[in-house]
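Analysis of the macromolecular model
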Amino acid sequence: MSTDTGTTHGALEGVGASGGVVVGPPVHVRRDDRPTAGATRDLDAAVAHVVAHYADLERRDREAGRDEEADVLGAYQLLAADPELVGAVRSAAADAPLDTAVRTAGEALAAELAELGDAYLAQRAEDLLAVVTDLVASVRGRELAVVTDLPEGAVVIAAELSPADTSQLDLDRVAGFAIEGGGMTSHTAIIARSHAIPAVVGCAGIVAATRDATNVLLDGDAGAVHVDPDRDTVAAGHQRAEARRLRREHAARMKGRPVSLAGRRILVGANVGTGQQLAAAVAAAADGIGLYRTEFLHLGASHPPTREEQAHAYRAAVEAFDDPVVVRLLDIGGDKEAPWLDSPDEDNPFLGVRGVRLLLRHPELLERQLDALLDASGVGDLRVMVPMVAAVADLLAVRTVLDERAAAAGKAPPPLGVMVETPAAALLAPHLARHAAFFSIGTNDLTQYTAAADRGEAALRRYHDPVAPPVLQLVQHTVDAGRAAGIPVGVCGAAASDPVAAAVLLGMGVDELSVPPGEVDPVRALVDELDAEQVTALARDVLELPDADAVRAEAHERLGGVLW
Amino acid sequence: MSTRTEITIASEVGLHARPAGAFVKRANGYDSHVTVSHGDRSADASSLLQVLKLEAGKGATVVIEADGPDEEEAVAGLVELLESFE
């Protein structure tokens, strides 16, 4: 969504993997033109050469305290000497030159790993290819070192960077990374983030484009690289970097401070789905939990969690906050399956038996979870949210079971609310509001169901923007119904931490934004800066616009520097 | 004769990532030939590639089998290693 007009003109675009703006000389790291050191090597010598090279890098990383990188290089040694790889190379070498044999055998094994369809194994396939490239170089008698001298403030440019390549870099001299391959979870992205070095990955064409360049401006926030930028571009880049720095400082000052809009308190809660995220939410001093996902307790385990196990987890969350903790009932089905539950094969799982539909077909799951929630209730402000509601009867059915279990436990039932994530629920909001204690709008699913566009499908990305006017109309309808009934309305989707969407949602009248723990401070700072009258007018006017791009342009036009 | 035992993978990441590398490294330290199998797939424990391809996730049951002079020590050592991962 690059409505940051003009700033990406003439730039190569990729994915911003680590934030910050930097200008520096491009330095190419190439594995394919390393100097030849002498004679070619046979396979045993090449394996020994490559293993020794990795062992050396591993030791350096270990001494520098970079244990994760060192572990990866340990695995590289195992891959280089792997008996399956060596055996396959020997077979292939019977009728091909050795360097060709290494490459074909290695690529075949990597393809086999990648085809297993597991994201983790696909990454190991990438690792294997990096090792194979080094083995080929060694067989050809080349050196393995990719970098000799790095100038201070270098922007490292490469087609791909393996952990072995990165380990050779003096990171104190690296100002930025621009890589053609990789993704947000690639080794380079992880290392860049952990060292706070700006990085752009997936930047196609950057190697060729910078071959004769003397300077590049790398914008890790926008995911763009400008080659030989003019003075104005550099000045604008530094200005954006400065604005971001100020915003971060503002965010840090806002930690734990209540924020309001026109005198109305706005809760900035956290979305959590694991114990780790709960700890992060506590550390971020979030205003409670706007979305506590219970799937992590249920998926991955070989048995459904017991009432006691669940109650223990819920209690830990409730006791950690004075503000509300909204626990969403188990939302499996769709793309999330539990190994112990016999899930039907469905043609359209996202339109199938998921969320409350599944719970009502497995009453034992629903009852056990409600019992556990009742066990955990009474200490703080626990609330229960029903996912995938598409009819009033969905909510009433859960209401009935909750009342029964509460009576059996001799406790008052906790407030029961609706996760508004289907267009049906949004349109039924006035009816649902009569039976619900709160609404929380799940913008991710609401967006995909409104446009009938699978949100996992990258080719449909243009339908995934939560500020598309049809989605905003459903949100406004929901907020109006909630306000008329006097119940709070929150937002817990990705839109809550998207500054344009958050500004519009606040203008529509939502009471709570629930965001990833790391976004709590920036969103507090945003709320603190917004002007109530301005966002109210914005929210009213954008409903008349034809598409999401127009909404974003309008928001930037009016709110300008407040947004990021 | 050989020594064999069955063990359920408790590690969150399964027999992947750090556990897989550590497992292969340890297996390489014994003189016995060690295999590890999961369902109908079997891997040479000295091959990280083969071990990864077992796709033994958390909760999977694998069989470790060793054949050689230090086979009992190998199986015991590898079981102990797998149990040390959470």
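Owing to the predicted nature of the structure, the values given are computational and were not obtained by experimental measurement.

Things to note about the overall build of chain B
Looking only at helices and strands, one finds three helices and four strands in chain B. Sorting the 86 residues of chain B into buried and exposed places 40% on the buried side. For chain B, the proportion of contacts with a sequence separation of at least 24, taken over those separated by at least 6, is 71%.

Quick word on the interface of chain A and chain B
Interface size, as often reported, equals the accessible area lost upon joining of the parts. With 18 residues of chain A in contact, the opposing surface of chain B contributes 16 residues. Taken together, the elements giving at least two residues each to the side of chain A that touches chain B come down to helix H2 (67-80), helix H3 (83-92), helix H4 (98-115) and helix H5 (119-139) of chain A. Top element by residues in the side of chain A that touches chain B is H2 of chain A. It accounts for five residues. Of the residues assigned to the side of chain A that touches chain B, the class counts are ten nonpolar, three polar and five charged.

A few points about unusual backbone geometry
Keep in mind that most residues, glycine aside, have a negative phi and that most peptide bonds are trans. All names here are of chain A. Positive phi, normally seen in glycine, also occurs at Ala-196, with a value near 55°. By secondary structure assignment, the location of Ala-196 is in the loop between helix H7 (187-194) and strand S7 (199-201). For Ala-196, a count of 10 C-beta atoms within 10 Å corresponds to the exposed category. Even without glycine at this site, Met-388 takes up a positive phi of about 65°.

Notes on the packing of H4 of chain A against H5 of chain A
Residues and elements named next belong to chain A. It is the contact of H4 with H5, at a shortest axis distance of 8 Å, that shows an interaxial angle of 175°. Put simply, H4 runs roughly antiparallel to H5. Judged by residue contacts, Leu-98, Asp-99, Val-102, Arg-103, Gly-106, Glu-107, Leu-109, Ala-110, Leu-113 and Ala-114 of H4 engage Leu-121, Ala-122, Arg-124, Ala-125, Leu-128, Leu-129, Val-132, Leu-135, Val-136 and Val-139 from H5. By residue class, the composition of the contact of H4 with H5 is 15 nonpolar, one polar and four charged.

Looking at the confidence of the model for chain B
Taken residue by residue, chain B gives an average pLDDT of 92. The fraction at 70 or more is 100%. Here the predicted complex scores 0.61 on pTM and 0.93 on ipTM.

The rules behind the values
Here the residue numbering is sequential within each chain, running from 1 through the sequence in written order. Chains and ligands are labelled sequentially in the order written, the chains with letters from A and the ligands with numbers from 1. pLDDT decides what is reported in this predicted model: residues at 70 or higher carry local features, side-chain atom pairs at 80 or more are listed and counted, and totals for whole chains, interfaces and linings draw on all residues regardless. We count a stretch as a helix when DSSP gives it H or I for four or more residues in a row; a strand needs E for two or more, and each element gets its number in order from the N terminus. Remark: C-beta atoms are placed from the backbone, and a residue is labelled buried if 20 or more other C-beta atoms sit within 10 Å of its own, exposed if 12 or fewer do, or partly exposed between those counts. Any two residues are considered in contact once their C-beta atoms, placed from the backbone, lie within 7 Å. Think of it as three bins: nonpolar holds Ala, Val, Leu, Ile, Met, Phe, Trp, Tyr, Cys and Pro, charged holds Asp, Glu, Lys and Arg, and polar takes everything else, Gly as well. What counts as an axis is a line fitted to C-alpha atoms, over the stretch in contact for a helix, and the angles between N-to-C directions run from 0 to 180 degrees. For classification purposes, angles smaller than 35 degrees are called roughly parallel, those larger than 145 roughly antiparallel, those between 65 and 115 roughly perpendicular, and all remaining angles oblique. A residue's pLDDT is simply how confident the predictor is in it, with values from 0 to 100.

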